[in-house]
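Observations on the model geometry
So you can see what is in the structure, the chains are spelled out below.
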Amino acid sequence: MHGEPGASPSGPPKICSGKREGSALLQEVDRCEEAVESGTRALPAPLEEIEFPVSARHPLFPPWRLPLKLVAILLAFTFLYSFLRDVIQPSVSLGRRDFYKVPVLVVNKALPWTSITILALVYIPGLLAAGLQLYRGTKYGRFPGWLELWLTMRKQLGLLSFFLASLHAIYSLCYPMRRSYRYKLLNWAYQQVQQNREDAWVADDVWRMEVYISLGVLGLAALSAVAVSSIPSVSSSLTWTEMQCIQRTLGYGALLLCTAHALVFGWRKWAEPGSYAWYTPPSFILASVLPLLALSAKATLLLPCMTRRLTRIRRGWERPRPLGGNQRQELSVTSY
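Residues numbered from 1 in each chain as written. Predicted model: local features only at pLDDT ≥ 70, side-chain atom pairs only at ≥ 80, totals over all residues. Heavy atoms only, no water.

With respect to the overall build of the protein
When you go through the protein residue by residue, the secondary structure sums to 13 helices and 0 strands. Starting at the N terminus, the α and β elements of the protein follow one another as α-α-α-α-α-α-α-α-α-α-α-α-α. Expressed as a percentage of its 336 residues, the buried residues of the protein come to 32%. Here the analysis covers contacts within the protein between residues at least 6 apart in sequence; of these, 73% occur between residues at least 24 apart. Here the protein has roughly 22100 Å² of accessible surface; of this, 65% comes from carbon and sulfur atoms. (Helix = DSSP H or I, 4+ residues; strand = E, 2+ residues; numbered from the N terminus. Buried < 20%, exposed > 50% of the residue type's maximum accessible area, 1.4 Å probe, protein only. Contact = heavy atoms within 4.5 Å. Areas by Shrake-Rupley, 256 points an atom, 1.4 Å probe, with all protein chains shown as cover.)

Structural data, given as structure tokens:
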């Protein structure tokens, strides 16, 4: 190597050697410099492969794609349902133009409905898994593919539920800032003067508002604690028992508080015929269906007979079976 032209005794051969490969590489570098100076984007194929590796073309956030699609579908459905009841129905039946409700009121009905539905979907797969273990009498065996996929999406669904709940709280705080609210407040005051009423206090409405706001704040606080515990830096500092306590106890507590928040918001409207516009139920009734099912199933599993049997199964006990069954394969599910 030392006898070749252009070689350096103290380092590798220089690029400006007399070899044919060195001349070709110099010409390639010159073309790259000319392309950069002229502002063109046409670069040689080898440089394109270096600047844009195959790994850069991988899809972004693969675990979030399916949860985001599910949330988008639910949000679109709840928005259209609220839009139909609160805007289209008054416009067709009463001739009112209530399209000003779309940016805040309609959106703020779709957000909590989607949030509490997604929160219920976080805990329903764990309940189904527990029921399947009780039915089989063993913790060995694989879950169906759709249930395994559902179980892996719980973290993403929970964080999206917390995000929508936070947006709902911010939208609710903006209610007094709306110009339409100020006009309605003046109309209410004028109507009170016209009716010669000195006091407009309605104890039923006052108690309803106080209770459902308090429940909503407590539910959001519990959901915030669950969301914070999902951060890797926080979860790594917690023991398995502490993590399960937060995810189970506070998680179901948040679901219970949010469901009570929705039901108290509705108060007696579920029994009023005027609440069923075009024979459609109010949104708070539909929003409470899945959470009530999840809470009822959890309450059933908390019965002593169910709890003892499920605890034994999770510790390795199996229901006696005839010989010749399939080979056991332990599940890796940590929380229900």
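Describing the packing of aromatic side chains
A complete count under the given rule lists 8 aromatic pairs for this structure. Centroid distance Phe77 to Trp113: 6.0 Å. Interplanar angle 70 degrees. Geometry classified as edge-to-face. One end of the pair, Phe77, is in helix α3 (residues 62–93); the other, Trp113, is in helix α4 (residues 102–136), and 36 residues separate them in sequence. A residue is classified by how much of its surface remains accessible, and Phe77, at 49% relative accessible area, is partly exposed. Note on Phe79 and Phe83: the rings are 6.3 Å apart at their centroids and 10 degrees apart in plane angle, and the pair reads as stacked. Here Phe79 pairs with Phe83, and both are found in helix α3, just 4 residues apart, close to one helical turn. Among the aromatic residues, ring-to-ring pairing joins Phe77, Tyr81 and Trp113 into one connected group. Its guanidinium or amino end placed over the ring of Tyr175, Arg178 lies 5.3 Å from that ring's centre, counting from NZ or CZ. The ring centre of Phe265 lies 5.1 Å from the NZ or CZ of Lys269, which sits over that ring. (Phe/Tyr/Trp six-rings, centres within 6.5 Å; stacked < 30°, edge-to-face > 60°. Lys NZ or Arg CZ within 6 Å of the ring centre and 35° of its normal.)

Let's talk about the packing of α4 against helix α12 (residues 289–301)
Taken N-terminus to C-terminus, the directions of α4 and α12 make an angle of 35 degrees; their axes are 9 Å apart at the nearest point. Of the two elements, α4 crosses α12, and the hand of that crossing is left-handed. Counting all contacts with α4, which are made through Ile116, Thr117, Ala120, Leu121, Ile124, Leu127, Ala130 and Leu134, the residues of α12 involved are Leu290, Pro291, Ala294, Ala297, Lys298 and Leu301. Here the contact of α4 with α12 is composed, by residue class, of 12 nonpolar, 1 polar and 1 charged. (Axes fitted to C-alpha atoms, helices over the stretch in contact; angles between N-to-C directions. Left-handed = near helix turned anticlockwise from the far one by under 90°. Nonpolar A, V, L, I, M, F, W, Y, C, P; charged D, E, K, R; others polar.)

Observations regarding the environment of Arg197
Structurally, Arg197 is set in the loop between α7 (179–194) and α8 (203–229). Polar side-chain contacts of Arg197 include one of 3.1 Å to the side chain of Gln195. (Polar contact = N/O pair within 3.5 Å; in protein donor to acceptor, adjacent residues only side chain to side chain.)

Re α8
The first and last C-alpha atoms of α8 sit 40 Å apart over 27 residues, in line with the 39 Å expected at 1.5 Å per residue. Those residues of α8 lying buried are Arg208, Tyr212, Leu215, Gly219, Ala222, Leu223, Val226, Ala227 and Ser229. Against α4, α6 (154–173), α9 (232–235) and α10 (240–266) lie the buried residues of α8. (Expected span 1.5 Å × (residues − 1).)

Some points on the confidence of the model for the protein
On average, residues of the protein score 83 in pLDDT, and 79% of them are at 70 or above. This model gives residues 1–17 a pLDDT under 50, and the stretch forms 10 contacts once residues within four places in sequence are excluded. Ignoring residues within four places in sequence, the model shows residues 327–336, a span with pLDDT below 50, making 31 contacts including any to other chains. (pLDDT = per-residue confidence, 0-100.)

Quick notes on the pattern of salt bridges
Between side chains of opposite charge, a pair can form as their charged atoms come close. Tallying each qualifying case throughout the model produces 5 salt bridges. Salt-bridge contacts for Asp86 lead to Lys109; the nearest nitrogen and oxygen are separated by 2.9 Å. Within this pair, whereas Asp86 is found in helix α3, its partner Lys109 is found in helix α4, the two being separated by 23 residues in sequence. Judged by relative accessible area, which is 15%, Asp86 ranks as buried. Across the salt bridge formed by Arg268 and Asp204, the nearest N and O atoms sit 2.7 Å from each other. Of this pair, Arg268 sits in the loop between α10 and α11 (283–287) while Asp204 sits in helix α8, and the two are 64 residues apart along the sequence. Asp204 sits in the partly exposed class, given a relative accessible area of 26%. Through salt bridges that share partners, Arg96, Asp98 and Lys101 make up one connected network. (Salt bridge = Lys/Arg side-chain N within 4 Å of Asp/Glu carboxyl O.)

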